[in-house]
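Listed below are the residues making up each chain.
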Amino acid sequence: MSGMEIEFDVEATMRDGTVLRADVYRPTGDGPWPVLVHRTPYDRRVSIQSVLDPYIAASRGYMLVHQDSRGRLRSEGEWLPFTYEVEDGYDTVRWAAGLPGSNGVVGMIGASYTGNTQWAAALAKPPELRAISPQITWSDPSDGLHFRGGAIELGLNGWWSLMTGAGEIAARAQDPAQAGAALASLAADYDGLVPAGYWELPAGELPAVARHGAPDIGVRRALADPVNADGATIAGKHSSVEAAALNSGGWFDVFLQGTLDNHTAMAALGKPTRLIVGPWSHLSKSGSFGAVAGETNFGLASAHGSIAFNEQQLSWFDHWIKGVDNGVDTAPPVKIFVMGTNQWRDESEWPLTRAVDTPWYLGADATLTPGSPTAEQTPDSYRYDPADPVRTRGGNLVMALEYPAGQFDQAAIEQRPDVLVYTSEPLTEDLEVTGRVRVRLHAATDAPTTDWVARLCDVGTDGISRNLCDGIQRVQAVPGEPGEYEIDLWSTSNVFLAGHRIRVQITSSNFPRWDRNLNTGDPATMRPAQQTIFHDAARPSHVILPVVPPTP
């Protein structure tokens, strides 16, 4: 092969007659070649380089198909997120397998929404689809896409829906003047999300999005009827997948747990799957010079380029599509970046069976200890006011750009009176935490409904508290009656170095990442709530850390 040829706006007709358009990249030469398909709502010509360099792929003997999904850019039809991706994915794979130059074997690539379009196609089982490489995508939309712990993923919904809404407005405008005015109005709402849009009520209808007549990410439909989320759901359906799956994600990605869950489900079924997780966020710009997530530079070794990520993808396809005996099927199936020591490590499984769930207990005087309380202790309390919520400061998110993802100094958060902080003594030796983190909280509120938010932090010898993972749980409560609640903080991999301290924050909001609980049950009426946290012998609130024993 000496080059590459590109054919623009190639038409594929779906089963209902809708025409979707794609650009086809072919290596020059005799062929035939296997095909890699990328189906995107974000403009195929803009996003092409972000998932796999077409020049590298062509040089390795692959055709690439980059297609605008239904109702987007140059493709016909109605744009309604996740509604048509299973059928369109199946039809597109079969069409791509029959393109001139194709050898009839297909793989798929993509990230985020386009990671989900791969899973959607794989669920339909087109016979030509042999392998997929979904990056930073979810499994259960109620756990990171639409909702988290019962709260709305407000930050993501507002930002994403207005971003994609621009294309919808342009498509339905009757004339340039109308389009210009509509886009200017939408741009004003996009720019005003932080000072105004995120604060508008009701959060489930998000007026900043609804007034433009474009669909949101699916929150409104899921609230109306949870069945409407089925098109975005992969969880519980992996038994239908026959394609080999290379899953990749980031410790600070908004869909981290979905990436882990997709791999775990495939592995439990004995299906070919691999997992790569780095210290990356959803919009990570790690490049080849190191990965910066928030305020933390995890170093050159953490970058995509340091593990030759493009090569990892192509080796995956070489084996499962071309049949190359390159050891992909016998190599360790898990590669994770362990923060703290900042090193990559291969593992034979996820989660790690050698990790021991170890409780650390919240105690009096803001302590965090491995020993459970043995006596009565005065509970802690704070006042949560939804009119003045705790602001988002880093974490697993993608939302208005004023709120970047990743690891940040938590000092401003921890100084608030509505944030309780529990901290261990300095560690005498390194402590590795790798796996899923949970908080079991004994608490009471004087409101009929409220939220509990927990965050795990690593406090360095410099005294800076840096966030690792967090979670939220929306609860219905009997006012004044203590209850036991479990908060899922998702997963992490971090070594708390000797001299560092473990810290847990407890509060009731993380806004505007998640919508505020108004403490009333009414979506438009708010009131403050008095919150009480117990940590005595009968009600031992604690964090559960998956501790990995040191290697002898």
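Residues numbered from 1 in each chain as written. Predicted model: local features only at pLDDT ≥ 70, side-chain atom pairs only at ≥ 80, totals over all residues. Heavy atoms only, no water.

Per an unreviewed UniProt entry, the chain goes by the name CocE/NonD family hydrolase and belongs to Nocardia flavorosea.

Novice: How do you make sense of the domain arrangement of the chain when you look at a structure like this?
Specialist: How big an interface is tends to be stated in terms of the accessible area lost upon association of its parts. What the domain assignment reports for the chain is domain 1 (1-135), domain 2 (147-229), domain 3 (236-349) and domain 4 (356-547). Computed over C-alpha atoms only, the centres of domain 1 and domain 4 are separated by 43 Å. (Domains from an automatic or database assignment.)

Novice: For this particular structure, what's the right way to read the sheet that holds strand β13 (residues 334-338)?
Specialist: Hydrogen bonds between backbone atoms are what pair the strands of a sheet, whose relative direction is either parallel or antiparallel. If you walk across this open sheet you meet the 10 strands as β1-β2-β4-β3-β5-β6-β9-β10-β13-β14, and the pairing is mixed. Each having just a single partner strand, β1 (4-13) and β14 (343-347) make up the two edges of the open sheet. Neighbour-to-neighbour, the strand axes of this sheet turn through a mean angle of 20°, independent of strand direction. Strand direction decides the pairing type here: strand β3 (residues 33-40) and strand β5 (residues 102-111), joined by four bridges, are parallel. Opposite Val35, over in β5, you have Val106 as the bridge partner. In the packing of helix α3 (residues 85-97) onto the sheet, the strands contacted are β1, β2 (19-27), β3, β4 (63-68), β5 and β6 (129-135), and the crossing angle to β3 comes to about 150°. Docked against the sheet, helix α4 (residues 113-124) engages β3, β5, β6 and β9 (244-252), running at close to 140° with respect to β5. (Pairing = 2+ DSSP bridges. Helix = DSSP H or I, 4+ residues; strand = E, 2+ residues; numbered from the N terminus. Axes fitted to C-alpha atoms, helices over the stretch in contact; angles between N-to-C directions. Contact = heavy atoms within 4.5 Å.)

Novice: Explanation requested: the pairing of β14 in the structure shown.
Specialist: Two faces belong to every sheet, and in a regular strand the side chains alternate between them. Two elements, β13 and β14, share five bridges in a ladder whose sense is antiparallel. The residue of β14 that forms the bridge with Val338 is Gln343. The antiparallel pairing of β13 with β14 creates a hairpin that spans four residues between the two strands, and Gly340 there sits at a positive phi of about 90°.

Novice: What is the right way to read the layout of surface pockets from this model?
Specialist: Rolled over the atoms, a probe with the dimensions of a water molecule shows which regions are left empty. Of the voids in this model, the second largest pocket is the one considered here, and its volume is about 440 Å³. Along the wall of the second largest pocket there are 25 residues; nearest its centre are Ile152, Arg474, Asp515, Arg516 and Pro523. Across the lining of the second largest pocket, the residue classes break down as 11 nonpolar, eight polar and six charged. Counting residues domain by domain, the lining of the second largest pocket receives three or more from each of domain 2 (147-229) and domain 4 (356-547). (1 Å grid on protein atoms, 1.4 Å probe; cavity = no way out; pocket = protein on both sides within 12 Å on 5 of 7 lines; lining within 4 Å. Points joined across faces, edges and corners; volume = space filled by probe spheres on them. Nonpolar A, V, L, I, M, F, W, Y, C, P; charged D, E, K, R; others polar.)

Novice: Looking at this structure, I do not really get the nonpolar core. What am I missing?
Specialist: What tends to happen in soluble globular proteins is that the nonpolar side chains get buried as a cluster. Formed by 76 residues in total, the largest nonpolar core has its most connected members in Trp251, Leu456, Ile506 and Ile533. Beyond its immediate sequence surroundings of up to four residues, Ile506 is in contact with Leu362, Tyr382, Asp418, Val419, Leu420, Tyr422, Val439, Leu441, Val453, Ala454 and Ile533. Trp79, Tyr113, Tyr198 and Ile217 belong to the second-largest nonpolar core, a separate cluster that totals 34 residues. (Core = buried A, V, L, I, M, F, W, Y, C linked by side-chain atoms within 4.5 Å. Buried < 20%, exposed > 50% of the residue type's maximum accessible area, 1.4 Å probe, protein only.)

Novice: Before we go on, may I ask you to explain the pattern of salt bridges in this structure?
Specialist: Two side chains with opposite charge may pair up if their charged atoms get near one another. Here the structure, examined in full by the defined rule, presents 45 salt bridges. Measuring nitrogen to oxygen at the nearest pair gives 3.8 Å for the salt bridge that ties Arg21 to Glu76. Of this pair, Arg21 sits in strand β2 while Glu76 is found in the loop between β4 and α3, placing the two residues 55 residues apart along the sequence. The exposure class of Glu76 is partly exposed, given its relative accessible area of 35%. A salt bridge links Arg39 to Glu85; the shortest N-O distance between them is 2.8 Å. With Arg39 in strand β3 and Glu85 in helix α3, the pair connects residues that are 46 residues apart, well separated along the chain. Connected via shared salt-bridge partners are Asp9, Asp23, Asp43, Arg44, Arg45, Asp68 and Arg74. (Salt bridge = Lys/Arg side-chain N within 4 Å of Asp/Glu carboxyl O.)

Novice: I'm lost on the pairing of β3 in this one. Help?
Specialist: Most of β3 sits inside the fold, with eight of its eight residues counted as buried. Here β3 runs beside β4; their pairing, made up of six bridges, is parallel. What sits directly across from Val35, in β4, is Met63.

Novice: I tried to follow unusual backbone geometry on my own but got confused; where do I start?
Specialist: Trans is the common state for peptide bonds, and a negative phi is the common state for residues other than glycine. Put simply, Leu201 and Pro202 share a cis peptide bond, and its omega is 0°. In this structure, Pro202 sits in the loop between α6 (176-191) and α7 (207-210). Even without being a glycine, Asn342 presents a positive backbone phi close to 55°. Here Asn342 is to be found in the loop between β13 and β14. Look at Asn342 and you get partly exposed, because its relative accessible area is 28%.

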